[in-house]
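Below are the chains, spelled out letter by letter.
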Amino acid sequence: MNLQRVIERAVCRPVEIVLTNNRTSIISFRKERGRVVLRLQRLFADAPPEVLLEIAELIKRPSIKTPLVHDFFRRNQWRVRKKALVREKAEPEGKVYNLGRIFERINREYFSDRVDAVITWGKRSPKKAVRKRTLGSYNAETGTIRINPVLDCSRVPRYFVEYVVYHEMLHADIGISRRKNGRRAIHTREFRERERLFRDYRRAVQWERRARMSGFCP
Ligand SMILES: [Zn+2]
């Protein structure tokens with residue numbers, strides 16, 4: 001993590017960073033056995049270097065004032081609020097599958113718990129042809145994964161729902177970069193390689209092929 005490297009270099013000792021969703025305590029740290037455990041509100045993962053250097057300075061001299069940190073947080077906290085709002089409206093619990101639990105398990109198993117996203121069932125839209133339906137989506141702006149409710153059905157195997165969730169979590173984890181020609185790179189080679197690491201990848205792809213012909217949950 002770049003954040004960690006910048007702060008470690010500035011304080012000249014190992015730093016363990018824990019990103020939190022805490023909305024009141026935005027920075028706290030303790031020193032233990034030669035290293036620093038730093039708890040940071042998640043927003044700071046995208047903070048510019050001068051803000052990170054001020055955090056490093058604070059670790060070295062806890063009595064200093066931190067105007068850059070506070071200014072950065074003030075200008076960006078609407079993101080925290082927006083996310084909290086999205087989280088409140090999310091409906092992860094379906095009739096058959098609880099997306100929250102699936103998300104947590106996959107996050108632990110494949111992502112060391114680092115994916116920070118809200119997951120919810122989408123709204124039902126009966127009109128679209130089954131073959132063209134989007135099964136999942138990830139909105140990077142709000143950090144929301146939406147799963148198509150056609151999958152909330154006992155005839156859809158659990159491993160397939162997990163596969164779709166895993167795919168969207170990969171989007172959240174990898175992010176969307178730009179190619180040299182300026183177009184968005186979504187399913188990059190790295191993405192496809194990591195997608196194949198999913199335990200039931202082959203089964204899931206085969207199941208999807210058949211299901212798209214016959215309808216997911218007729
Ligand atoms: Zn995708």
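Residues numbered from 1 in each chain as written. Predicted model: local features only at pLDDT ≥ 70, side-chain atom pairs only at ≥ 80, totals over all residues. Heavy atoms only, no water.

### What about the sheet that holds strand β2 (residues 27-32)?
In step 1: Strand order in this open sheet of three strands is β1-β3-β2, and the pairing throughout is mixed. Only two strands of the sheet have a single partner each, and these edge strands are β1 (15-20) and β2. Each neighbouring strand pair of the sheet contributes to a mean axis angle of 15°, computed without reference to strand direction.
In step 2: Inspection of the sheet shows β1 paired to strand β3 (residues 35-41) by six bridges, in the parallel sense. For Glu16, the partnering residue across the bridge sits in β3 and is Val37.
In step 3: Most of the contacts of helix α1 (residues 2-11) go to β1, to which it runs at about 135°, and overall it touches β1 and β3. (Pairing = 2+ DSSP bridges. Helix = DSSP H or I, 4+ residues; strand = E, 2+ residues; numbered from the N terminus. Axes fitted to C-alpha atoms, helices over the stretch in contact; angles between N-to-C directions. Contact = heavy atoms within 4.5 Å.)

### Notes on the pattern of salt bridges
In step 1: Under the counting rule described, the total for this entry stands at 18 salt bridges.
In step 2: With a shortest N-O distance of 3.3 Å, Asp71 and Arg75 are connected by a salt bridge. On the criterion of helical spacing, the pair formed by Asp71 and Arg75 is a turn pair, its members being four residues apart in helix α3 (residues 67-89).
In step 3: On the basis of relative accessibility, which here comes to 51%, the residue Arg75 falls in the exposed class.
In step 4: Note that Arg194 and Glu190 form a salt bridge whose closest N and O atoms lie 3.5 Å from each other. Of this pair, Arg194 and Glu190 both sit in helix α6 (residues 189-195), separated by four residues, roughly a single helical turn.
In step 5: Arg194 gets classed as buried once you look at its relative accessible area, which sits at 19%.
In step 6: Residues joined in a network through salt bridges with shared partners are Glu16, Arg30, Glu32 and Arg35. (Salt bridge = Lys/Arg side-chain N within 4 Å of Asp/Glu carboxyl O. Buried < 20%, exposed > 50% of the residue type's maximum accessible area, 1.4 Å probe, protein only.)

### Overview of the domain arrangement of the protein chain
How big an interface is tends to be stated in terms of accessible area lost as the parts join.
In step 1: Along its sequence, the protein chain is organised into domain 1 (2-85) and domain 2 (90-214).
In step 2: Just the C-alpha atoms count here: the centres of domain 1 and domain 2 sit 31 Å apart.
In step 3: Each partner contributes residues to the interface: domain 1 has five residues there, and domain 2 has six residues.
In step 4: Summed over both sides, the interface of domain 1 with domain 2 buries roughly 450 Å², with 44% coming from carbon and sulfur.
In step 5: Taken together, domain 1 and domain 2 are joined by one salt bridge.
In step 6: For Asp116, the salt bridge is made with Arg42, and the minimal N-O distance between the two is 3.3 Å.
In step 7: Counting across the interface, domain 1 meets domain 2 through one residue pair in polar contact (both at pLDDT 80 or more).
In step 8: Of the residues that constitute the side of domain 1 that touches domain 2, the class distribution is one nonpolar, one polar and three charged. (Domains from an automatic or database assignment. Buried area = accessible area lost by both parts, 1.4 Å probe. Polar contact = N/O pair within 3.5 Å; in protein donor to acceptor, adjacent residues only side chain to side chain. Nonpolar A, V, L, I, M, F, W, Y, C, P; charged D, E, K, R; others polar.)

### Focus: the environment of Asp71
In step 1: Taking relative accessible area as the criterion, Asp71 reaches 30% and is therefore assigned partly exposed.
In step 2: As for Asp71 and Val51, which are separated by 20 residues in sequence, their C-alpha atoms are 9.2 Å apart.

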